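# Overview (structure and organization)
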Amino acid sequence: MVTALPRPTPDAALITLAEPSGAPIRVYPGQFFTLSLSIDGERLRRAYSLCSEAWGEVPEVQICVKRVSGGRVSGLLVDTLTVGARLDVHGPSGDYGLRPDAAAPSQLVLISGGSGVTPHLAMIRAALRHCPQTSITFVYGSRSPAQALFLDELRALAASYPQRLTLRLFVDDPQGEAWDGGVGRLTEARDHGGPSPGTPPSRPRRVVRRLRP
Ligand SMILES: Cc1cc2nc3c(=O)[nH]c(=O)nc-3n(C[C@H](O)[C@H](O)[C@H](O)COP(=O)(O)OP(=O)(O)OC[C@H]3O[C@@H](n4cnc5c(N)ncnc54)[C@H](O)[C@@H]3O)c2cc1C
């Protein structure tokens, strides 16, 4: 059941879900839920990653749905979902992420673009709280500052944990807004030397290697 539904940007819905019975939900950062909706007589299933903090049993979870242009499910969820609605939700599923029963990594390098921020935000929140030996570098690219999700939360976490969380934020185009992060696609040249017109994209493997101290 949907218990809260703020819209952090015009194109996104932050959906809080709870079991109608009040039963706790067992979930770990990096896992996702599958929403099943009937649209025009067709059953459509879409996966959405947990973005709230989770480290075992919680009373509710949050997912963030970002509208995909022309998308059937994301547009419907962002535009028409209301508090109190009951959704057909399966999960949680997935092995990606952090678990209390596994050794905590000393370093995490997480890279996402757009709505891909969601599982990484959950992992960052959990690691900062539950894995005190873990340091995190998070590289996050968005089209514009207005379309970047969770910027305030990420900056607040980085301010609270300056020794453990390093943010590398990028936008394709600041679109006239104040922006203190990088500009351009996530290429090796832009990450380390600022925009360099004509520089070909680097392979992700090389970006990860150069982010290591
Ligand atoms: C593990 C996992 C986790 C995810 N987590 C998140 C998350 O946290 N947040 C989030 O927002 N998304 C997440 N996603 C993506 C999400 O599952 C959906 O894929 C997304 O919301 C788009 O679904 P949709 O029904 O709106 O788009 P769809 O209807 O599937 O359309 C997608 C695109 O394909 C085009 N298209 C559709 N049909 C055709 C066709 N016949 N011919 C040509 N083009 C077509 C559409 O125009 C659109 O651009 C996740 C996906 C996975 C696999």
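Residues numbered from 1 in each chain as written. Predicted model: local features only at pLDDT ≥ 70, side-chain atom pairs only at ≥ 80, totals over all residues.

Moving on to the site of the ligand. Taken together, 19 residues form the shell around the ligand, and within it Gly70, Gly71, Val73, Ser74 and Thr118 come nearest. At the level of elements, β5 (42–49), β7 (61–66) and α1 (72–80) are the ones that each hand at least two residues to the shell around the ligand. Among the residues making up the shell around the ligand, the classes are represented as eight nonpolar, eight polar and three charged. (Near = placed C-beta within 6 Å. Helix = DSSP H or I, 4+ residues; strand = E, 2+ residues; numbered from the N terminus. Nonpolar A, V, L, I, M, F, W, Y, C, P; charged D, E, K, R; others polar.)

With that settled, the discussion passes to the pairing of β5. Of the pairings in the sheet, the one linking strand β4 (residues 32–39) to β5 comprises eight bridges and is antiparallel in character. Opposite Ser38, over in β5, you have Arg43 as the bridge partner. Counted between consecutive antiparallel strands, the loop separating β4 from β5 contains two residues, among which Asp40 sits at a positive phi close to 50°. (Pairing = 2+ DSSP bridges.)

Pairing in this open sheet of three strands is antiparallel, and the strands run β1-β2-β7 from one edge to the other. Whereas interior strands pair on both sides, the edge strands pair on one side only; in this sheet they are β1 (2–4) and β7. Neighbour to neighbour, the strand axes of the sheet diverge by 45° on average, direction disregarded. Judged from the six bridges that link them, strand β2 (residues 12–17) and β7 form a sheet pairing that is antiparallel. Paired with Thr16 across the strands is Gln62, a residue of β7. (Axes fitted to C-alpha atoms, helices over the stretch in contact; angles between N-to-C directions.)

Take the nonpolar core next. Core analysis: the biggest nonpolar cluster contains 41 residues, and Leu50, Ala54, Ile63, Val65, Ala122, Ile124 and Ala127 have the highest contact counts within it. When contributions to this core are tallied by element, the ones reaching two or more residues are β2, β4, β7, α1, α2 (117–130), β10 (135–142), α3 (151–160) and β11 (165–171). Here this core spans two domains, and each of domain 1 (2–93) and domain 2 (107–211) adds at least three residues to it. The residues touching Val65, leaving out its near neighbours within four places in the chain, are Ala12, Ala13, Ile15, Tyr48, Ser74, Leu77 and Val78. (Core = buried A, V, L, I, M, F, W, Y, C linked by C-beta atoms within 7 Å. Buried ≥ 20, exposed ≤ 12 C-beta atoms within 10 Å, placed from the backbone. Domains from an automatic or database assignment. Contact = placed C-beta atoms within 7 Å.)

Mapped onto the fold, Leu35 is located in strand β4. Separated by 11 residues in the primary sequence, Leu35 and Arg46 place their C-alpha atoms 5.4 Å from one another. Setting aside residues up to four positions removed in sequence, Leu35 forms contacts with Arg46, Tyr48, Leu87, Asp88 and Val89.

For the rest of this paragraph, the subject is the sheet that holds β10. Reading across the sheet, the four strands line up as β9-β10-β11-β12 and stay open at both edges, with parallel pairing between neighbours. Two strands in the sheet have a free side with no partner beyond their single neighbour: β9 (107–113) and β12 (182–183). Inspection of the sheet shows β10 paired to β11 by seven bridges, in the parallel sense. Looking across to β11, one finds that Tyr140 is bridged to Leu169.

Looking at the protein chain as a whole, the pLDDT averages 89, with 87% of positions reaching at least 70. Between residues 193–213, whose pLDDT stays under 50, and residues either more than four places distant or in other chains, the model counts 22 contacts. (pLDDT = per-residue confidence, 0-100.)

Moving on, we come to the environment of Pro8. Examined against the element boundaries, Pro8 turns out to sit in the loop between β1 and β2. Judged by the 16 C-beta atoms lying within 10 Å of it, Pro8 falls in the partly exposed class. The spatial distance from the C-alpha of Pro8 to the C-alpha of Phe150 is 7.9 Å, given a sequence separation of 142 residues. Non-local contacts of Pro8, meaning those with residues more than four positions away in its chain, are made with Leu14 and Leu149.

What follows concerns α2. Given a rise of 1.5 Å per residue, 14 residues ought to cover 20 Å, and the 20 Å separating the end C-alpha atoms of α2 matches this to within 8%. Among the 14 residues of α2, 10 are classified as buried, and the element is accordingly described as predominantly covered. Regarding α2, the residues found buried are Val117, Thr118, Pro119, His120, Leu121, Ala122, Met123, Ile124, Ala126 and Ala127. Those residues of α2 that are buried are in contact with β5, β7, β9, β10, α3 and β11. (Expected span 1.5 Å × (residues − 1).)

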